[in-house]
Amino acid sequence: MSDREAHVVAQVNKMLFLGGKWRESSSGSTFPVEDPSTRKVLCEVANASEDDAMEALEIADRTQPEWAKTSPRERSEILHRGYRLLMDHQEELAILMTLEMGKPLAEAKGEIAYAAEFFRWFSEEAVRIEGGFSTSPDGKSRFLIMRQPVGPSMLITPWNFPMAMGTRKIGPAIAAGCTMILKPAQQTPLSALALANILTEAGLPEGVLSVLPTTDAGGITEPLLTDGRIRKVSFTGSTAVGRKLLEQSAGQVLRTSMELGGNAPFIVFDDADLDAAVDGAMLAKMRNIGEACTAANRIYAQSGIAEEFSRRLSERMGALRSGRGLDDDVEVGPLIDEKALRKVQELVDDAVERGANVLVGGGPGEGPGHFYQPTVLANVPFAAELSTTEIFGPVAPVMPFDTEEEVVQAANDTEYGLVSYLYTQDLNRAFRVSEALEAGMVGLNQGVVSNPAAPFGGVKHSGLGREGGRVGVEEFLNTKYVGIGGLS
Ligand code: NAP
């Protein structure tokens, strides 16, 4: 680690953030955070216990009424200062993220900017939360519609976007006036702890936010979700864990937002602009080392262009420079851990056994970290396991198809429905296929859909609710209707 990197890690407060105060875990226990590109321990972080979680709950519950009374402008300005501070510290925060998660520094900087944009967007939304007033159809009463914060909220985030998944939830919760308990992923707690510092500097009142890193995710979240004082859970992560949290939320009938797994089809028709399609595929596949819920998981290329598309994609993938994300010019970092590396290799081996051809890559990369080579597989049969499983790595399986009907059916033949991509220059087809795809989002002639100003979310097993856009704040608001009678 360079002096600069060591300094960035040393700056982070590695304790629990309990309602504005930093302290050790009540059990005294800590856990190590590793750099996935070297497998070396970066530091130890306090390990929250159930007692700590219950204390955070007590604080969130106690603070909720006062926090709900703050003015929208005050909450907006906290968020705006948070946005500015994130951008002022973009470089150090990006180094920290690359150290704990592995993504190349340029991408980490991009994520800090993306994360900051959620604060900017919700600072603008905080002062535009609207209710309503109307006359009942029979004219006898009036309807007053109020919007109120849903209450103390549990936020659970994954490791793949350690900062943006936090701000995407904290932004609307602050805008709405909800107190929060954030449980970051155990592999990447440092970004979340740095974010707590930023929000303190931005003026977030004590008690509004707690951050609880832990190695016992279920052990601290289940008692919180089943207690009754938490009124909302917003989760980003795998579908399997999402299902569990939905079950746990049922007892107290919690509001839930679930941003779950994906299995995105990326469809290239014969009439597509092939250069644009290859650029789009590189983005949709390789953003975040392929470790994104929005990653192109199945690339369908129509038979007229399949060979040429695969050739060009392989050329681009083969030219990518892998390595430690903090080294110059690195474009592909390591996978998050050994388990992820093994899973990617197994999926590639299965596809090859079933007849796929490896055009480039196909095995682990060099170095001590969890590296996997950027890989393109051609002629992948529909029966290959990676057709139904999130790859979460730098592997692009290309599957040929003949007709529009056939590809739409194949694209929709999955339990997931987060995002689908399609490349075509035929306007009729563009609309027809966009409407037919079972997905919460469609990238039409573009390989990235994420934008804080747009409603992000999935259908089917990819989740419930939307984050970002005008609807993002709705997830943290209750609607109350006051019926006014006795009017003459
Ligand atoms: P994960 O295993 O589901 O973990 C996500 C979060 O849930 C982590 O903080 C994890 O804590 C926690 N968790 C695990 N088990 C839990 C339990 N029993 N109770 C409560 N919390 C629990 O997912 P991941 O591997 O970190 O992230 C990858 C997944 O996230 C992929 O499926 C990806 O598609 C999805 N994702 C979706 C979106 C979206 O917006 N739709 C965005 C990004 C990622 P620990 O770290 O301690 O295990």
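Residue numbers restart at each chain and count upward from 1, following the sequence in its written direction. It should be noted that, the model being predicted, local features are given only for residues of pLDDT at least 70 and side-chain atom pairs only at 80 or more, the latter also being counted only at that level, while totals for whole chains, interfaces and linings use all residues. Excluded from the side-chain calculation are hydrogens and water; included are all heavy atoms of the structure.

This part is about the overall build of the protein. When its secondary structure is counted, the protein shows 14 helices and 20 strands. For 488 residues, the compact-globule estimate of 2.2 N^0.38 gives 23 Å, and the C-alpha radius of gyration of the protein, at 23 Å, lies within 12% of that figure. Using a 1.4 Å probe on the protein chains alone, a residue whose accessible area is under 20% of its type maximum counts as buried, one over 50% counts as exposed, and one in between counts as partly exposed. Here the protein holds 488 residues, and the buried ones make up 56% of them. Of the roughly 19100 Å² that the protein leaves accessible, carbon and sulfur atoms contribute 49%. Averaged over its 46 positive side-chain charges, the protein has a centre that lies 6 Å from the centre of its 67 negative ones. Secondary structure follows DSSP: runs of H or I at least 4 residues long count as helices, runs of E at least 2 residues long count as strands, and numbering of each begins at the N terminus. As a reference, a globule follows 2.2 Å times the number of residues to the power 0.38, and the radius of gyration itself is taken over C-alpha atoms. Throughout, the Shrake-Rupley method with a 1.4 Å probe supplies accessible areas, and for residues the shown protein chains are the sole cover considered. We treat Lys and Arg as the positive residues and Asp and Glu as the negative residues; His and chain ends play no part in the count. Think of each charge as sitting on NZ of Lys, CZ of Arg, CG of Asp or CD of Glu.

Put simply, a nonpolar core is a bunch of buried Ala, Val, Leu, Ile, Met, Phe, Trp, Tyr and Cys residues held in one set by side-chain atoms that sit within 4.5 Å of each other. The biggest cluster of nonpolar side chains holds 66 residues, and the ones touching the most others in it are Phe 266, Ile 267, Val 268, Phe 309, Leu 313, Met 317 and Leu 386. Of the residues forming this core, the biggest block, seven residues, is contributed by helix α10 (residues 274-286). Beyond its immediate chain neighbours, meaning those up to four positions away, Met 317 contacts Met 282, Lys 285, Met 286, Val 360, Pro 374, Thr 375, Val 376, Pro 394 and Ala 396. Ranked by size, the runner-up nonpolar core spans 65 residues in total, among them Tyr 83, Ala 115, Phe 122 and Ala 164. The contact criterion used throughout is that any non-hydrogen atoms of two residues lie within 4.5 Å.

Quick look at the site of the ligand now. Here a residue counts as near a molecule or strand whenever at least one of its heavy atoms sits within 4 Å of it. Lining the immediate surroundings of the ligand are 30 residues, of which Thr 157, Arg 168, Ser 238, Leu 260 and Glu 390 lie closest. Here an oxygen atom of the ligand sits 3.0 Å away from a polar atom, N or O, in the side chain of Trp 159. One of the side-chain N or O atoms of Ser 238 is found 2.6 Å from an oxygen atom in the ligand. For the shell around the ligand, the secondary-structure elements that each account for two or more residues are α6 (164-176), α8 (217-225), β10 (232-236) and α9 (239-250). Within 3.5 Å is the distance limit for a polar contact, defined as a pair of N or O atoms, with the added protein rule that one can donate a hydrogen and the other accept it, and that residues adjacent in sequence qualify only through two side-chain atoms.

Below, the discussion takes up the pattern of salt bridges. Take a side-chain nitrogen of Lys or Arg and a carboxyl oxygen of Asp or Glu: if they are within 4 Å of each other, that pair is a salt bridge. If you walk through the whole model with that rule in mind, you get 30 salt bridges. Between Arg 23 and Glu 55 there is a salt bridge, with the nearest N and O atoms lying 2.4 Å from each other. Pair noted here: Arg 23 is in strand β2 (residues 21-23) and Glu 55 is in helix α2 (residues 50-69), with a separation of 32 residues, a long-range link. On the basis of relative accessible area, Arg 23 is assigned to the partly exposed category, the value being 23%. In this structure Glu 55 comes out as partly exposed when scored by relative accessible area, which is 35%. Where Arg 39 meets Glu 338, a salt bridge forms, and the shortest distance between an N and an O atom there is 2.8 Å. Taken together, the residues Arg 39 in the loop between β3 (30-35) and β4 (40-46) and Glu 338 in helix α12 (residues 338-353) connect sequence positions 299 residues apart. What makes Arg 39 partly exposed here is its relative accessible area of 34%. On the basis of relative accessible area, Glu 338 is assigned to the partly exposed category, the value being 31%.

Two elements in contact, α10 and helix α11 (residues 306-318), have axes whose closest approach is 10 Å; the angle formed by their N-to-C orientations is 50°. On the basis of the axis angle, α10 is oblique to α11. Crossing hand, α10 versus α11: right-handed. Facing α10, whose interface residues are Leu 274, Asp 275, Ala 277, Val 278, Asp 279, Ala 281, Met 282, Lys 285 and Met 286, α11 presents Glu 308, Phe 309, Arg 312, Leu 313, Arg 316 and Met 317. Each residue belonging to the contact of α10 with α11 can be placed in one class, and the counts come to nine nonpolar, no polar and six charged. Angles here are taken between N-to-C directions and fall from 0 to 180 degrees, while the axes themselves are lines fitted to C-alpha atoms, restricted in helices to the stretch in contact. Geometric relationships in this document are graded by angle, where less than 35 degrees denotes roughly parallel, more than 145 denotes roughly antiparallel, 65 to 115 denotes roughly perpendicular, and other angles denote oblique. The crossing is said to be left-handed when, going from far helix to near helix, the turn is anticlockwise and less than a right angle, and right-handed when the turn is clockwise. Following the grouping adopted for this structure description, the nonpolar residues are Ala, Val, Leu, Ile, Met, Phe, Trp, Tyr, Cys and Pro, the charged ones are Asp, Glu, Lys and Arg, and the polar ones are all others, Gly among them.

Any two strands are treated as partners once DSSP identifies two or more bridges connecting them. Spatially, β5-β6-β20 is the arrangement adopted by the three strands of the open sheet, whose pairing is antiparallel. Strands at the two margins of the open sheet, each flanked by one partner only, are β5 (132-135) and β20 (477-484). Each strand of the sheet is rotated relative to its neighbour by a mean of 20°, with strand direction disregarded. For strand β6 (residues 142-149) and β20, the ladder comprises eight bridges, and the chain directions are antiparallel. Note on β20: the bridge partner recorded for Ile 145 is Tyr 481.

It is worth spelling out the packing of helix α3 (residues 72-88) against helix α5 (residues 105-126) at this point. For the pair α3 and α5, interaxial distance at closest approach is 8 Å and the crossing angle is 165°. In terms of their interaxial angle, α3 and α5 are classed as roughly antiparallel. Every pair of crossing elements has a handedness; the one defined by α3 and α5 is left-handed. Contact residues: Pro 72, Ser 76, Leu 79, His 80, Gly 82, Tyr 83, Leu 86 and Met 87 in α3; Ile 112, Ala 113, Ala 115, Ala 116, Glu 117, Phe 119, Arg 120, Phe 122, Ser 123 and Ala 126 in α5. Taken together, the residues that form the contact of α3 with α5 break down as 12 nonpolar, four polar and two charged.

For the rest of this paragraph, the subject is the domain arrangement of the protein. Residue ranges for the domains trace back to a domain assignment, done automatically or taken from a database. Looking at the protein, the domain boundaries give domain 1 (3-260 + 462-481) and domain 2 (264-451). If you average the C-alpha positions of domain 1 and of domain 2, the two centres end up 30 Å apart. Of the roughly 2400 Å² buried between domain 1 and domain 2, counting both surfaces, carbon and sulfur atoms make up 54%. Across the contact surface, domain 1 and domain 2 share three salt bridges. Summed over the shared surface of domain 1 and domain 2, the number is 14 residue pairs in polar contact (both at pLDDT 80 or more). Here the side of domain 1 that touches domain 2 gets five residues from one element, more than from any other, and that element is helix α4 (residues 90-101). Tallied by class, residues from the side of domain 1 that touches domain 2 come to 10 nonpolar, eight polar and eight charged. Accessible area, probed at 1.4 Å, shrinks when two parts are joined; the buried area is that loss added up over both.

In this structure, Ile 336 sits in the loop between α11 and α12. It is 34 Å that separates the C-alpha atoms of Ile 336 and Phe 269, two residues lying 67 residues apart in sequence. Ignoring anything within four residues of it in the chain, the contact list for Ile 336 reads Pro 36, Glu 100, Met 101, Trp 159, Gln 187, Glu 291 and His 370.

What follows concerns the side chain of Lys 169. Along the polypeptide, Lys 169 turns up in helix α6. A polar contact of 3.0 Å, which involves the side chain of Lys 169, links it to the side chain of Ser 234. Beyond its immediate stretch of four places on either side in the chain, Lys 169 contacts Leu 155, Ile 156, Thr 157, Ser 234, Phe 235, Thr 236, Glu 467 and Phe 476.

Attention shifts here to α11. Expected span of a helix, by definition, is 1.5 Å for each gap between consecutive residues, and there is one gap fewer than residues. With 13 residues, α11 ought to run about 18 Å at 1.5 Å a step, and its terminal C-alpha atoms sit 18 Å apart, in line with that. Burial in α11 covers these residues: Ala 306, Phe 309, Ser 310, Leu 313, Ser 314 and Met 317. Each buried residue of α11 sits inside an arc of 130° when the element is viewed along its axis, so together they form one side. Among the exposed residues of α11, those oriented more than 90 degrees off its buried face are Glu 307 and Glu 315. Contact partners of the buried residues in α11: β12 (264-268), α10, β13 (296-302), β14 (357-360), β15 (375-378) and β16 (395-401). As used here, the arc belongs to the directions running from the helix axis to the C-beta atoms.

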